[in-house]
Amino acid sequence: MTTLSAPTARRVDRVVDQVDLGPTPMSARSTLAIAPGNDAWTDPFLLMGEELVNQPGFDWHPHRGLETVTLVLDGALEHGDSLGNAGVLGPGDVQWMTAGRGVIHREVAARAEHARVIQLWLNLPSHLKFVPTGYQDLRAGRQAVYTEPGVLVQVISGETGTARGPAINQWPILGALITLDPRTEYRQFIDGAERAFAYVIAGRLTIGGRSVGAGQTAWSDPVTGRGDATTLMLATGDGDERTTVLLFAGRPIGESVVASGPFVMNTRAEIEQAYRDFHSGKFGSIPRHTRLPAGT
C-alpha cells in the first residue's frame with residue numbers, strides 16, 4: 001500500500017525591504033522591490049518596481065529578451081507600442097508583454113493624473129529571447145478567481161486550486177494577487193523546483209513563519225530539483241485591515257544574464273547587436289499618433 005506524504009512546507013529564506021528612489025522625471029515616487037543584478041538570488045525574476053507614474057511618464061523606449069508584467073493598483077495607465085497597439089489599463093488590470101525580438105513602447109498616466117503601478121521583469125531562456133513580440137491585456141473582471149473563507153486569489157498566471165490564470169506564458173510562471181482578511185490562513189501550492197517571492201502591497205502577515213509588512217518582499221528558494229508539491233503558508237493576525245500580497249513563482253533558468261538598460265540577453269555581443277538593431281529601425285517605428293484621443 002502506498003502512502004502519500006504531505007507536501008513539504010516552505011520556509012522564507014530572506015526578507016528584503018524595498019528601496020525608495022524618490023521622485024524621478026517619469027514617476028512622482030519610485031521604489032525597487034527587486035533590485036537588478038542579483039540574478040543568483042532572484043532568477044527567473046529580474047527586477048520589480050512600484051511607481052506613481054505621472055506625465056510624461058515612461059516615454060518611448062525599447063525592450064528585447066524579456067517579458068514585463070504590469071499591474072495597475074490605482075489610476076489609469078495609457079500605453080502604446082510600435083506594433084500599433086494602444087489602450088488604457090485601470091485598477092486591477094494586468095498587461096503581460098513579451099518583448100521577445102524587440103518592441104518600442106510607452107507608459108504614461110492617462111488624463112494628466114497619476115497611476116500607481118507595479119512592474120515585474122521576467123527573464124527568458126536563450127532559446128526564447130527572439131520569440132515574436134506581443135502583449136496580453138488581462139482585465140480585472142476576466143481574471144480567474146479562487147476563494148476560500150477570508151481569502152480571495154486573483155490568478156494572473158498558472159494554477160491555484162481550480163482556477164487557471166489567463167496569461168499565456170513563454171516560461172511557466174505562477175502569478176497571483178492575494179487578499180486576506182484578518183485572522184486568516186492560506187496555503188499556496190508551489191512546485192518544489194521553483195523560486196517564489198511574495199511582495200506585501202498593504203498590511204502585515206507571516207509568510208513561512210516570518211513577519212513581513214507592506215513594502216517588504218519575502219523570498220523562498222527552490223526546495224527540491226523536482227516538481228514535488230510544496231506549500232507556502234500565509235497567515236494574518238488581528239486587526240481591521242485586509243492584507244494584499246503579490247505572489248509569483250517560477251523555475252530558475254540558470255543561464256548567464258547580461259543586461260544593459262532595456263535589453264536583457266546572455267552575452268555582451270547580443271546586447272551590442274540589440275542596440276544596432278534598435279538604431280537601424282528593426283524594432284519598428286513610433287506610431288504617428290502617439291496619444292489616445294482626449295476622453296478615452
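What this report covers is the structure whose coordinates are included nearby. The structure displayed is predicted, hence computed values, not measured ones.

## A word on the overall build of the protein chain
For the protein chain, the helix and strand inventory stands at 2 helices and 27 strands. The C-alpha atoms of the protein chain give 19 Å as radius of gyration, which agrees with the globular expectation for 296 residues (19 Å, within 12%). Oriented by its inertia axes, the alpha-carbon framework of the protein chain measures out at about 65 × 40 × 35 Å. Taking all 296 residues of the protein chain together, 52% fall into the buried category. Across the protein chain, every contact between residues at least 6 apart in sequence was considered, and the portion connecting residues at least 24 apart equals 73%. For the protein chain, the exposed area adds up to about 13400 Å²; of that, 52% sits on carbon and sulfur atoms. Across the protein chain, the 26 positively charged side chains and the 31 negatively charged ones have centroids separated by 3 Å.

## A word on the environment of Met233
Residue placement: Met233 occurs in strand E24 (residues 229-235). Among the residues examined, Met233 registers a relative accessible area of 22% and is labelled partly exposed. On a C-alpha basis, the gap between Met233 and Gly215 in space is 19 Å, while along the polypeptide they are 18 residues apart.

## Quick look at the side chain of Ser82
Along the chain, Ser82 falls in the loop between strand E8 (77-81) and strand E9 (86-89). There is a polar contact of 3.2 Å between the side chain of Ser82 and the backbone oxygen of Phe283.

## A few points about unusual backbone geometry
Most peptide bonds take the trans form, and the phi angle of most residues other than glycine is negative. Cis geometry marks the peptide bond from Asp43 to Pro44; its omega dihedral reads 15°. Secondary-structure assignment places Pro44 in the loop between helix H1 (39-42) and strand E5 (45-53). Non-glycine residue Arg183 carries a positive phi angle of around 55°. Here Arg183 falls in the exposed class, since its relative accessible area comes to 56%.

## Some thoughts on the nonpolar core
Ranked by size, the top nonpolar core spans 25 residues in total, and within it Val153, Ile178, Ile207 and Leu234 carry the most contacts. When contributions to this core are tallied by element, the ones reaching two or more residues are strand E14 (144-148), strand E15 (151-157), strand E18 (173-180), strand E19 (185-191), strand E20 (195-202), strand E21 (204-207), E24 and strand E25 (243-250). Counting residues per element, this core draws most heavily on E18, which supplies 4 residues. Grouped together as the second largest cluster of nonpolar side chains are 24 residues, Met48, Trp96, Ala167 and Phe197 included.

## Comments concerning the sheet that holds strand E4 (residues 27-34)
Adjacent strands of a sheet form backbone hydrogen bonds with each other and so pair up, either parallel or antiparallel. Judged by pairing direction, the sheet is antiparallel, and its 7 strands sit side by side in the order E3-E4-E5-E12-E7-E10-E13 without closing on themselves. Edge positions in the sheet fall to strand E3 (19-22) and strand E13 (134-138), since each of these pairs with one other strand and no more. Averaged over all pairs of adjacent strands, the angle between strand axes in this sheet comes to 15°, irrespective of strand direction. Examined bridge by bridge, strand E7 (residues 66-74) and strand E12 (residues 115-123) share 8 bridges and lie antiparallel to one another.

## Some thoughts on helix H2 (residues 268-279)
For H2, built from 12 residues, the straight-helix expectation of 16 Å at 1.5 Å per residue is met to within 8% by its first-to-last C-alpha distance of 17 Å. Here H2 has its buried residues at Ile271, Ala274 and Asp277. Along the axis of H2, the buried positions cluster into a sector of 125°, meaning they face one direction only. On its buried side, H2 packs onto strand E26 (258-260) and strand E27 (263-265). A positive backbone phi angle near 90° is found at Gly281, which sits one or two residues after H2.

## Describing the pairing of E5
Of all 9 residues in E5, 8 are buried; the element is thus mostly enclosed. Note: E4 against E5, 5 bridges, orientation antiparallel. Pairing of Ser30 across the sheet is with Glu51, part of E5. Inspection of the sheet shows E5 paired to E12 by 8 bridges, in the antiparallel sense. Paired with Leu52 across the two strands is Arg116, which belongs to E12.

Definitions and cut-offs
- Residues numbered from 1 in each chain as written.
- Predicted model: local features only at pLDDT ≥ 70, side-chain atom pairs only at ≥ 80, totals over all residues.
- Heavy atoms only, no water.
- Helix = DSSP H or I, 4+ residues; strand = E, 2+ residues; numbered from the N terminus.
- Rg over C-alpha atoms; globule rule 2.2 N^0.38 Å.
- Buried < 20%, exposed > 50% of the residue type's maximum accessible area, 1.4 Å probe, protein only.
- Contact = heavy atoms within 4.5 Å.
- Areas by Shrake-Rupley, 256 points an atom, 1.4 Å probe, with all protein chains shown as cover.
- Lys, Arg positive; Asp, Glu negative; His and termini not counted.
- Charge placed at Lys NZ, Arg CZ, Asp CG, Glu CD.
- Polar contact = N/O pair within 3.5 Å; in protein donor to acceptor, adjacent residues only side chain to side chain.
- Core = buried A, V, L, I, M, F, W, Y, C linked by side-chain atoms within 4.5 Å.
- Pairing = 2+ DSSP bridges.
- Axes fitted to C-alpha atoms, helices over the stretch in contact; angles between N-to-C directions.
- Expected span 1.5 Å × (residues − 1).
- Arc of directions from axis to C-beta.

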